[in-house]
Amino acid sequence: MKEVINTKAAPAAIGPYSQAIKVGNLVYTSGQIPIDPTTGNFVDGGIKEQTRQSLLNVQAILKEVGLSMSHVIKTTVFLADMNDFADMNAIYAEFFSEPYPARSAVAVKTLPKGALVEIEVVAEV
């Protein structure tokens, strides 16, 4: 059975989707873009600031179900420009420790609202 996960500590969905869904012992988050949930706007700055906010949004969703970033088993990072990979990776490393989750990182043509990065995760309960 699916359980919808929702928190005001992360941006509300901007379409017909849930912030996250829990099925069995797994939580699947929707992709998080760098919207500050208190303002509804992108954070100021570039890829580092946007990566940090995207991961803070993921963290807030996981916290809603009593999880932390250490429960993440897989991440997918979407970048508007692969030239931002090193800067994204530097911030990403602040949120995860060994054993690191599996990860895919891909460049895409565009992201919602013109974001530089979008991050989704799968976490184990």
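If you're wondering where the values come from, they're calculated on a predicted model, not measured in any experiment. (Residues numbered from 1 in each chain as written. Predicted model: local features only at pLDDT ≥ 70, side-chain atom pairs only at ≥ 80, totals over all residues. Heavy atoms only, no water.)

Asker: Please clarify how unusual backbone geometry should be interpreted in this entry.
Answerer: Working note: non-glycine residues mostly have negative phi, and peptide bonds are mostly trans. With omega at -5°, the peptide bond leading from glutamate 98 into proline 99 counts as cis. Structurally, proline 99 can be placed in the loop between helix H2 (85-95) and strand S7 (102-107). With phi around 60°, lysine 113 is a residue other than glycine that occupies positive phi space. With respect to the helices, strands and loops of the structure, lysine 113 is situated in the loop between S7 and strand S8 (117-124). Given a relative accessible area of 58%, lysine 113 falls into the exposed group. (Helix = DSSP H or I, 4+ residues; strand = E, 2+ residues; numbered from the N terminus. Buried < 20%, exposed > 50% of the residue type's maximum accessible area, 1.4 Å probe, protein only.)

Asker: Before we go on, may I ask you to explain the sheet that holds S8 in this structure?
Answerer: Two modes of strand pairing occur in sheets, parallel and antiparallel, and in both the strands are linked by backbone hydrogen bonds. With respect to topology, six strands assemble into an open sheet ordered S1-S2-S3-S8-S6-S7, the strand pairing being mixed. Edge positions in the sheet fall to strand S1 (2-5) and S7, since each has one partner strand and no second. On average, adjacent strands in this sheet sit at an angle of 15° to one another, irrespective of strand direction. Examined bridge by bridge, S1 and strand S2 (residues 20-23) share four bridges and lie antiparallel to one another. When the bridges of S2 are listed, lysine 2 appears paired with valine 23. (Pairing = 2+ DSSP bridges. Axes fitted to C-alpha atoms, helices over the stretch in contact; angles between N-to-C directions.)

Asker: Please explain the nonpolar core as it appears in this structure.
Answerer: Among soluble globular proteins, nonpolar side chains are generally buried collectively. If you look at the biggest cluster of nonpolar residues, it comprises 24 residues, and the most contacted ones within it are Leu55, Leu62, Met69, Val72, Val77 and Phe96. Only helix H1 (47-64), strand S6 (72-79), H2 and S8 provide two or more residues apiece to this core. Among the elements that make up this core, the one with the highest residue count is H1 (six residues). The contacts of methionine 69, once residues within four sequence positions are left out, are Leu55, Val58, Gln59, Leu62, Phe95 and Phe96. (Core = buried A, V, L, I, M, F, W, Y, C linked by side-chain atoms within 4.5 Å. Contact = heavy atoms within 4.5 Å.)

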